[in-house]
Amino acid sequence: MQRTGKSQKTKLLNKMLDIFIKAGWKKIKIWTIAVLIFTNTSVSGGESVVVLFVIDGLQRDAAEVAAANGASNLRFLIENGVYVKEAYCTSPAPRMFLPDGSLPWGTSSSPNVAMHTGTHVFESRQMDDIFLSARRAKIKSVFAGGAVNYEEFTTPDFCYAGSLSDSMVVQHGINHLKKDGVRLIRLHLQRIRDRWTGPEDKLDPASEYQKAVIKCDHLLGKLIEALRSENVWKESYIIVAGDHGMGITSQSDHPPSVYSSWLTFMNFYGPGIRKGENIPYAESPDLAIMVNYLLRLEPLKGHIDPSVPEATGGVTGTLLTNIFEDKSRMLKHPQMIRRYLKQEP
Ligand SMILES: [Zn+2]
């Protein structure tokens with residue numbers, strides 16, 4: 001029953017009730033069955049709003065320091081949600097070249113594609129993603145990101161990319177929530193990187209970098225307020241994540257040659273998700289799989305380009321079932337990125 005929509009559920013329930021009434025069952029038993037059907041679910045009702053709130057290059061250590069020093073919304077989501085101890089991105093290289101030198105995804109970096117497609121490789125532009133998946137279920141979506149690189153993302157219903165301030169990015173999300181009832185909100189706050197002067201910034205609450213995280217936190221609070229005023233807060237899921245990690249020099253970059261560039265931040269919050277816990281491991285493609293699951297959509301299709309071999313074409317991310325209250329804490333994650341980096345078999 002976990003992935004059945006509200007209207008389908010009602011139809012199914014009516015059908016079952018018809019059968020039981022014909023069979024002469026007493027009403028009390030019918031109500032017991034109805035209660036069982038409506039409560040046996042790990043995600044919230046069919047009208048959930050899912051927010052994927054990405055802060056560029058945010059890492060767990062920086063997020064924890066901010067949460068302990070005034071980032072009250074981030075702190076609330078961490079204390080009432082599940083964070084990932086070891087979160088890896090797909091390649092943090094700023095450009096995604098195929099072996100033939102082509103750039104099918106322009107200048108967007110790979111984790112930003114992975115968190116939409118649920119795959120580890122992106123051999124073609126013809127791929128399924130969370131926005132297309134949402135549209136098939138008549139769910140509207142918005143993407144807003146503060147760099148021109150994100151112009152590549154054209155599948156959401158409403159798209160904004162360019163040199164946008166963080167507050168404009170969040171405002172686009174709020175506007176479309178209020179005006180159009182979007183239920184998939186993917187935001188990308190970019191300006192934090194302007195304040196980077198070195199890795200020590202992450203742990204210094206007085207650094208300009210930390211102040212930038214606090215600013216992002218205020219905007220997160222503004223979005224939460226909008227979800228409350230639209231009466232959808234109780235059904236809302238908020239995923240706060242980085243797209244990649246950061247390097248270890250004064251340069252605000254994330255070269256794949258540096259391990260730290262691969263380590264990012266992920267925290268999940270919402271109905272049915274454990275509170276104040278952590279899970280050991282996740283990877284960027286898992287974000288797409290989770291968004292799709294929380295919106296109760298059919299599974300993502302991966303590559304839909306017939307020229308991409310079937311063996312490499314499908315979805316490769318993992319559904320993080322271990323974040324849910326009614327599921328086992330045990331999850332066998334294939335940990336492909338960690339194994340690749342550590343050169344393990
Ligand atoms: Zn980035």
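The structure we're discussing is the one just above.
Residues numbered from 1 in each chain as written. Predicted model: local features only at pLDDT ≥ 70, side-chain atom pairs only at ≥ 80, totals over all residues.

Q: Describe the overall build of the protein chain, with residues and values.
A: Each helix and strand in the protein chain was counted, giving 11 helices and 9 strands. By the burial criterion, 45% of the 345 residues in the protein chain qualify as buried. (Helix = DSSP H or I, 4+ residues; strand = E, 2+ residues; numbered from the N terminus. Buried ≥ 20, exposed ≤ 12 C-beta atoms within 10 Å, placed from the backbone.)

Q: Could you give an account of helix α4 (residues 72-79), naming the residues involved and the relevant values?
A: All buried positions along α4 are accounted for by N73, L74, L77 and I78. Buried residues of α4, seen end-on, are gathered within an arc of 135° and therefore sit on one face of the element. Structurally, α4 contributes buried residues whose contacts are with α3 (60-68), β2 (82-88), α8 (208-229), β6 (236-241) and β8 (266-269). (Arc of directions from axis to C-beta. Contact = placed C-beta atoms within 7 Å.)

Q: Run through the packing of helix α5 (residues 110-117) against helix α9 (residues 284-294), naming residues and quoting values.
A: In the contact formed by α5 and α9, the axes pass within 6 Å of each other and the chain directions differ by 30°. Compared by their axis directions, α5 and α9 come out roughly parallel. Crossing geometry of α5 relative to α9 is assigned as right-handed. Touching P111, A114, M115, H116 and T117 of α5 are S284, P285, L287 and A288, all from α9. Per-class residue counts for the contact of α5 with α9 are 6 nonpolar, 3 polar and no charged. (Axes fitted to C-alpha atoms, helices over the stretch in contact; angles between N-to-C directions. Parallel < 35°, antiparallel > 145°, perpendicular 65-115°, else oblique. Left-handed = near helix turned anticlockwise from the far one by under 90°. Nonpolar A, V, L, I, M, F, W, Y, C, P; charged D, E, K, R; others polar.)

Q: Tell me about the packing of α3 against α4, and name the residues and values.
A: At their nearest, the axes of α3 and α4 sit 7 Å apart, and the two run at 110° to each other. Taken together, α3 and α4 sit at an angle that is classed as roughly perpendicular. Crossing handedness for the pair α3 and α4: left-handed. Contacts between α3 and α4 involve A63, A66 and A67 from the first element and L74, R75 and I78 from the second. Among the residues forming the contact of α3 with α4, the class breakdown is 5 nonpolar, no polar and 1 charged.

Q: Give me unusual backbone geometry: which residues, what numbers.
A: The phi dihedral of K138 is positive, around 60°, even though this residue is not glycine. Mapped onto the secondary structure, K138 falls in the loop between α6 (130-136) and β3 (141-145). For K138, a count of 7 C-beta atoms within 10 Å gives the class exposed. Positive phi, close to 60°, is recorded for R296, a residue that is not glycine. Counting through the fold element by element, R296 comes out in the loop between α9 and α10 (310-313).

Q: Could you give an account of α8, naming the residues involved and the relevant values?
A: Taking 1.5 Å as the rise per residue, α8 with 22 residues should run 32 Å; its terminal C-alpha atoms sit 32 Å apart, in good agreement. Looking only at α8, the buried set comprises Y209, Q210, A212, V213, C216, D217, L219, L220, L223 and L227. Looking straight down α8, one finds that the buried residues subtend no more than 165° of arc, so they occupy a single side. Residues of α8 that are exposed and angled more than 90 degrees away from the buried face: R228 and S229. Among the structural elements, β1 (49-55), α3, α4, α7 (166-180), β5 (184-189) and β6 are those in contact with the buried residues of α8. N231 occupies a position one or two residues after α8 and carries a positive phi of about 60°. (Expected span 1.5 Å × (residues − 1).)

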